[in-house]
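Structural overview for review
In case you want the letters, here they are:
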Amino acid sequence: MQKSREVQHLRVSPCSPAVERTPCRILLDHTQKWWREQQRRARLQRASRCSKNHITSYLKLVIKVHRLSPFCYRSCLFVALHVALQAAVYGEYTWEVFVYCWELQFHLLLLLLPYLLLAGNMGCFILCSRANPGIITKSNHASLVKIYAYDGVLFQKGVACPTCNMEKPARSKHCSFCGTCVHRFDHHCVWVNNCIGAFNAKYFFLYLFSLAATAAAITTITAAFLIQVVLLSNMMHGSYIDEQGQEHAVEILFLVQHLFLTFPRVVFMLGFVILLTLVLGAYCCFNLYLALTNQTSNEWYKSRRYGSSRRLTLQPHDRQVVYKNIYSKGVWMNLKEIFKPPTVLERKKTT
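These numbers come from a predicted model, not from an experiment.

1. Looking at the overall build of the protein
Of the regular secondary structure elements, the protein holds 12 helices and 10 strands. Across the protein, contacts joining residues at least 24 apart in sequence account for 62% of those joining residues at least 6 apart. Counting every atom, the protein has about 22,900 Å² of accessible surface; 65% of that belongs to carbon and sulfur.

Shown next, in the form of structure tokens:
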């Protein structure tokens with residue numbers, strides 16, 4: 001009786017080894033495993049599809065935000081900021097500095113110098129922003145490609161622009177802001193909202209130097225006015241009493257604080273134009289160096305990768321060459337090329 005109960009127990013219990021060894025049970029186990037595997041794969045596919053959709057939507061959002069950025073296309077935002085800053089500086093100069101200096105009997109021509117420089121600067125600004133920098137089209141491509149020779153290092157012959165579908169002339173570059181290839185490309189200036197190329201480099205050169213001269217003139221006149229105020233008040237020979245009741249001679253820090261409390265807008269404007277003069281002065285020196293050596297900003301930046309003329313570079317034909325600026329023709333000719341870009345006829349005469 002006990003044996004028969006054990007046999008019945010083995011037949012009924014689903015967890016017993018005897019039941020697991022039956023063909024039906026093995027088939028059922030395989031079916032359950034296959035079904036679980038199919039469900040797992042389906043979950044993974046749904047998750048991958050969701051992640052791909054999320055990544056795609058995120059990339060679309062990033063591209064949309066990037067396109068809205070003023071740094072990836074031509075925008076008048078920086079032009080408006082440029083005009084607003086100039087208006088603020090000249091408004092303060094006219095409202096306070098000019099009036100005070102006139103009362104202190106400054107020379108009229110000295111006071112009118114910033115306005116004369118402003119007129120010249122605005123003229124160069126309009127010419128630089130409106131002039132054609134040297135856009136390469138199918139009609140002028142054949143003539144522009146003959147002006148400069150390929151140096152074989154920075155500019156290779158036979159390289160085509162994938163956007164414009166044209167062979168790139170030497171010293172040219174495709175501007176992603178303007179969407180065109182520019183002859184003798186220097187850089188894209190957001191402050192004038194235009195590329196700087198062969199045909200408007202002279203206007204940019206004059207615009208930059210007139211802007212630096214304007215900032216330097218306002219700095220000089222404003223500093224002279226504040227110095228005159230200090231000298232007339234005889235403040236440097238005075239003294240002041242601190243919070244502890246001790247008397248001290250006037251120092252530079254106390255003098256600056258006093259001037260800032262007396263003429264806050266004038267001192268703030270002076271600090272701004274001093275910083276602007278230093279930055280523009282350094283940039284003018286850099287552009288003068290590029291002009292005298294017949295380089296562009298694009299070429300100067302690319303030549304740093306090759307270590308300029310002091311480093312050997314490996315070419316595709318496994319030969320070592322030294323990068324050399326083949327476009328430099330001497331200081332005078334290099335400076336002349338800025339104001340009078342060469343043409344095909346001029347190059348034929350020189351060759």
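2. Re the packing of aromatic side chains
Both the distance between ring centres and the angle between the ring planes are used here to describe each pair of aromatic rings. Scanning the model with the defined rule gives 15 aromatic pairs in all. Aromatic side chains F205 and F339 sit 6.0 Å apart centroid to centroid with 90° between the ring planes, which places their arrangement in the edge-to-face category. Here F339 lies in helix α11 (residues 331–339) and F205 lies in helix α7 (residues 201–233), a separation of 134 residues in the sequence. Judged by centre distance (6.4 Å) and plane angle (25°), the rings of Y283 and F286 are stacked. You can see Y283 and its partner F286 sitting in helix α9 (residues 264–292), three residues apart, about one turn around the helix. Residue F286 is classed as partly exposed on the basis of its relative accessible area of 24%. One aromatic cluster is present, built from ring pairs that chain together Y90, Y93, F98 and Y115. Geometry around Y148 places R171 over its ring, the cationic atom sitting 4.8 Å from the centre. A cation over a ring is seen here: R171 above Y327, with NZ or CZ 4.3 Å from the ring centre.

3. Describing the UniProt feature "transmembrane region" (unreviewed entry) in the protein
Here the UniProt-annotated "transmembrane region" (unreviewed entry) positions come out as residues 71–89, 109–128, 204–231 and 266–292. Between the end C-alpha atoms of residues 109–128 there is a gap of 28 Å, over a span that is 100% helix and 0% strand. Segment residues 204–231 splits into 100% helix and 0% strand. End C-alpha atoms: 40 Å apart.

4. Observations concerning empty space enclosed by the protein
On inspection of all chains with the given rule, the structure shows one cavity of 30 Å³ or more. Taken as a whole, the largest cavity spans an internal volume of roughly 140 Å³. Forming the walls of the largest cavity are R184, D186, I196, A201, F204, F205, N287, L290, A291, Q295, T296 and I338. When grouped by side-chain class, the residues that make up the lining of the largest cavity number seven nonpolar, three polar and two charged.

5. Points about the environment of G197
Tracing the sequence through the fold places G197 in the loop between β6 (194–196) and α7. Sequence separation between G197 and I338 is 141 residues; the distance between their C-alpha atoms is 9.8 Å.

6. Re the confidence of the model for the protein
On average, residues of the protein carry a pLDDT of 81, and 77% of them reach 70 or more. Below a pLDDT of 50 lies the segment residues 1–20, which in the model reaches nine contacts outside its immediate sequence neighbourhood of four places, other chains included. Note on residues 62–72: pLDDT is under 50 here. Beyond four places in sequence and across chains, it has 11 contacts.

7. Comments concerning the pattern of salt bridges
Inspection of the entire model under this criterion finds eight salt bridges. In this structure, R265 engages E92 in a salt bridge whose closest nitrogen and oxygen atoms are separated by 3.4 Å. Of this pair, R265 sits in helix α9 while E92 sits in helix α4 (residues 77–103); the two residues are 173 residues apart in sequence, bridging distant segments of the chain. Assessed through its relative accessible area of 47%, R265 is described here as partly exposed. For R171, the salt bridge identified is with E299, shortest N-O distance 2.6 Å. Pair noted here: R171 is in the loop between β2 (166–167) and β3 (173–175) and E299 is in helix α10 (residues 297–305), with a separation of 128 residues, a long-range link. For the pair shown, R171 and E299 are each scored as buried.

8. Section: the side chain of N298
Tracing the backbone through its elements, the reader meets N298 in helix α10. Judged by relative accessible area, N298 falls into the buried class, the value being 8%. Contact partners of N298, with chain neighbours within four places excluded, come to K173, F185 and D186.

9. Describing a nonpolar patch on the surface
On the surface, a cluster of nonpolar side chains totalling about 540 Å² of accessible area is made up of W102, L108, L110, L112, L113 and L116. The biggest single contributor to the nonpolar patch is helix α5 (residues 108–130), with five residues. With respect to the element layout, L110 can be found in helix α5. Residue classification places L110 among the partly exposed residues on the basis of a relative accessible area of 37%.

About the cut-offs
Residues numbered from 1 in each chain as written. Predicted model: local features only at pLDDT ≥ 70, side-chain atom pairs only at ≥ 80, totals over all residues. Heavy atoms only, no water. Helix = DSSP H or I, 4+ residues; strand = E, 2+ residues; numbered from the N terminus. Contact = heavy atoms within 4.5 Å. Areas by Shrake-Rupley, 256 points an atom, 1.4 Å probe, with all protein chains shown as cover. Phe/Tyr/Trp six-rings, centres within 6.5 Å; stacked < 30°, edge-to-face > 60°. Buried < 20%, exposed > 50% of the residue type's maximum accessible area, 1.4 Å probe, protein only. Lys NZ or Arg CZ within 6 Å of the ring centre and 35° of its normal. UniProt positions renumbered as here; feature names shortened; annotations may be inferred. 1 Å grid on protein atoms, 1.4 Å probe; cavity = no way out; pocket = protein on both sides within 12 Å on 5 of 7 lines; lining within 4 Å. Points joined across faces, edges and corners; volume = space filled by probe spheres on them. Nonpolar A, V, L, I, M, F, W, Y, C, P; charged D, E, K, R; others polar. pLDDT = per-residue confidence, 0-100. Salt bridge = Lys/Arg side-chain N within 4 Å of Asp/Glu carboxyl O. Patch = residues over 30% accessible without salt bridge, like charges linked within 9 Å, V, L, I, M, F, W, Y side chains within 5 Å.

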